[in-house]
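Observations on chain architecture
Single-letter residue listing:
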Amino acid sequence: MHFLRPLLRLAPLNLAVVAAALMLLAPRDARAEALLLIEAESGKVLQAENATIPWYPASVTKIMTAYVTLKAVKDGKLTLDTLLTVSPTAASQSPSKMGFRPGTQVTVDNALKMMMVKSANDMAVVLAEGVGGSIDGFSAMMNQTASRLGMTQTSYVNPNGLPADGQITSARDLGILARSFLRDLPEYEYFVHIPAIRLGKRITPNFNKLIGRYPGADGFKTGFICASGYNLVASASRNGRRLIAVVLGANSGTARAVKAAQLLERGFSQDTLSWLRPALGTVDSLVPVDASPPNLRDEMCGGHRRRPASDEDDALIATNGSTGGSTSQTGGEAQVTFFTAGLQPPMMKASDLVASAAAPAEPVLVYTGPTRSGAALIAAVAADADQQATPRARGKKSRVAAKKPEATDKPKDAGKDAKSSAKLDAAKPDAKGEAKPAAKPVKHANAKPDAAAKPAEKPAANGDSAAKPTKPKTTTKPAAKSAPNNS
């Protein structure tokens with residue numbers, strides 16, 4: 001603050017300029033969050049807050065997975081047409097994933113597109129096993145690459161970013177990685193800004209909400225696990241200048257996009273107050289902080305959320321219990337942008353921009369099997385569509401079959417029993433199923449002879465024939481707890 005004293009003696013000095021300077025220097029809230037804005041070409045740091053604090057990367061890990069894979073392609077070790085096979089290990093990965101069965105084959109090209117757009121964890125493992133021979137082998141390649149690029153705060157133990165204590169990075173290192181990707185692999189840059197993919201009849205838009213919404217947005221990748229919060233590495237180009245923004249620990253998918261848009265807009269604006277800011281150097285020169293990464297699990301996945309959080313979260317920005325609007329957890333961000341833009345108001349609020357519909361774009365076709373074109377490609381897409389429909393048809397048949405034995409007994413319970421799985425059958429065989437079935441047949445035996453046999457059959461199937469109909473609902477609640485760890 002001492003350097004402002006000479007300025008205060010100067011007259012006349014626009015009070016608005018002083019106010020803007022004070023807002024730039026004011027401390028932000030204590031909530032865990034890391035922000036970084038850099039120039040892609042020079043690496044010059046335009047803004048950095050907690051940028052060197054260690055962080056769990058979540059699915060932004062896949063930027064490195066794509067980098068290592070595409071570097072292997074560029075070096076001639078494999079091609080984009082190389083066929084890889086989905087292993088049982090890959091198929092067992094947690095969502096988000098494509099869900100292909102073991103033995104399914106997919107090209108490197110299609111696996112990369114699915115991984116970068118849908119954030120498919122199974123495709124990340126397919127690529128890792130195909131390039132590195134195993135998850136451990138590929139992780140070693142990732143760590144070697146990180147060391148070579150100067151990512152001194154980063155370590156990897158898996159290719160998809162699913163929760164692991166040893167999976168750590170920082171906003172600084174992610175900025176270095178994004179710059180390296182653009183510098184070293186310009187011919188494969190399109191993998192980081194595909195607007196949407198189509199597999200069979202299913203269309204999946206890019207989780208990066210800036211793609212197709214923020215003017216000039218052209219990359220990179222989102223990520224989420226409960227411990228890290230909502231992460232985003234984003235790039236955009238304007239007037240021949242490219243910037244990279246990193247947001248770690250936002251409270252929703254929308255919030256991370258809004259914060260990144262605000263960072264980018266500030267960087268692209270003509271900053272008349274740049275002389276008030278100390279030089280921050282380049283991203284490589286930022287000094288790492290020796291600390292443990294913050295764990296945001298309680299905040300991100302606690303009981304206060306109405307539904308399990310995931311990387312596909314499209315919730316509006318929450319601020320003290322309210323949503324949307326011009327106020328966000330960035331505090332006076334919009335006002336600062338107003339002042340630093342030479343007293344010119346922004347064209348559209350970042351929150352409104354992100355909430356708007358994405359620009360129309362044709363989804364990129366992805367498919368299983370070898371590389372195809374023309375009629376063969378159409379046939380492959382149709383085959384994938386048929387495979388998507390087949391499991392649904394089988395599921396319906398099994399549910400119908402489950403309803404038939406109970407239709408003549410208790411029609412009201414049939415729908416609820418059909419929803420019960422084998423897990424529910426095994427969950428409470430003895431808790432309350434022993435006493436009530438013994439009492440029920442007495443009533444039926446005196447009333448209708450045929451009814452006495454049916455209650456006797458039910459305990460063998462469900463183990464809880466006379467339990468109250470509402471009981472199965474309570475047993476399904478714990479299943480949601482696994483969702484927060486989705487990447």
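Please read these numbers as outputs of a predicted model, since none were measured by experiment. Each chain carries its own residue numbering, running from 1 in the direction its sequence is written. Predicted model: local features are reported for residues with pLDDT of at least 70 only, side-chain atom pairs are reported and counted for 80 or more only, and whole-chain, interface and lining totals are derived from all residues. The basis for the side-chain values is all heavy atoms of the structure; hydrogens and waters are excluded.

On to the sheet that holds strand E9 (residues 241-250), then. The strands making up a sheet associate through backbone hydrogen bonding, with each pair oriented either parallel or antiparallel. Strands pair, by our definition, only if DSSP identifies at least two bridges between them. Runs of H or I in DSSP of at least four residues are treated as helices and runs of E of at least two as strands, each being numbered from the N terminus. Pairing is antiparallel in the open sheet, where five strands are placed in the order E2-E1-E9-E8-E7. The open sheet has two edge strands with one neighbour each: strand E2 (45-49) and strand E7 (217-225). The mean angle between the axes of side-by-side strands here comes to 10°, regardless of whether they run parallel or antiparallel. Sheet analysis places strand E1 (residues 34-39) next to E9, joined by six bridges and oriented antiparallel. Looking at the pairing, Leu 36 lines up with Val 246 of E9. Every angle, taken between N-to-C directions, lies between 0 and 180 degrees, and every axis is a line fitted to C-alpha atoms, over only the stretch in contact when it is a helix.

Summarising the sheet, E1 and E2 pair through four bridges and their orientation is antiparallel. Of the residues in E2, the one forming a bridge with Leu 37 is Gln 47. Following E1, the chain reverses through five residues before pairing antiparallel with E2; Gly 43 in that reversal takes a positive phi of roughly 80°.

Let us look at the sheet that holds strand E6 (residues 202-205). Spatially, E6-E5-E12 is the arrangement adopted by the three strands of the open sheet, whose pairing is mixed. Each of the sheet's edge strands pairs with one partner strand only, and the pair in question is E6 and strand E12 (364-366). Adjacent strand axes in the sheet meet at a mean angle of 30° when their direction is disregarded.

What follows concerns the nonpolar core. Buried together is how nonpolar side chains tend to be arranged in soluble globular proteins. The biggest cluster of nonpolar side chains holds 98 residues, and the ones touching the most others in it are Met 64, Met 123 and Leu 210. For Met 64, the contacting residues outside a window of four places in its chain are Met 142, Thr 145, Ala 146, Leu 149, Met 151, Tyr 156 and Leu 177. Nonpolar core, defined: a set of buried Ala, Val, Leu, Ile, Met, Phe, Trp, Tyr and Cys residues in which side-chain atoms within 4.5 Å join the residues together. Partly exposed residues are those whose accessible area sits between 20% and 50% of the maximum for their type, while under 20% is buried and over 50% is exposed, using a 1.4 Å probe and protein chains only. Throughout, a residue-residue contact means that at least one pair of heavy atoms, one from each residue, lies within 4.5 Å.

Helical geometry note: an α-helix holds 3.6 residues per turn, so side chains three or four residues apart project in the same direction. To estimate how far a helix should extend, the number of its residues minus one is multiplied by 1.5 Å. Across its twelve residues, helix H6 (residues 121-132) extends 16 Å between first and last C-alpha, which sits within 8% of the 16 Å expected from 1.5 Å per residue. Contacts from the buried residues of H6 go to helix H3 (61-74), strand E3 (83-85), helix H4 (88-91), strand E4 (105-107), helix H5 (108-118) and helix H7 (135-149). Positive phi appears at Gly 133, one or two residues downstream of H6, with a value of about 85°.

As a per-residue quantity, pLDDT reports the predictor's confidence and falls between 0 and 100. Per-residue pLDDT for the protein averages 75, and the proportion of residues at 70 or more is 62%. This model gives residues 1-8 a pLDDT under 50, and the stretch forms twelve contacts once residues within four places in sequence are excluded. Across residues 314-346, confidence stays below pLDDT 50; counting only partners more than four residues off in sequence or on other chains, it has 64 contacts.

Relative to the helices and strands, Phe 181 resides in helix H8 (residues 171-184). Residue class for Phe 181 comes out buried when judged on its relative accessible area of 1%. The spacing of Phe 181 and Val 192 is eleven residues in sequence and 9.7 Å in space, taken between C-alpha atoms. In this structure, Phe 181 is in contact with Ile 63, Ala 66, Tyr 67, Leu 70, Pro 186, Tyr 188, Glu 189, Val 192 and Phe 220, ignoring residues within four places of it in sequence.

Let us look at unusual backbone geometry. Of the consecutive residues Pro 95 and Ser 96, the connecting peptide bond is found in the cis state with omega at 5°. Mapped onto the fold, Ser 96 is located in the loop between H4 and E4. Non-glycine residue Asn 50 carries a positive phi angle of around 55°. Here Asn 50 is to be found in the loop between E2 and H3. Phi at Ala 58 takes a positive value of approximately 55°, unusual for a residue other than glycine. Here Ala 58 shows up in the loop between E2 and H3.

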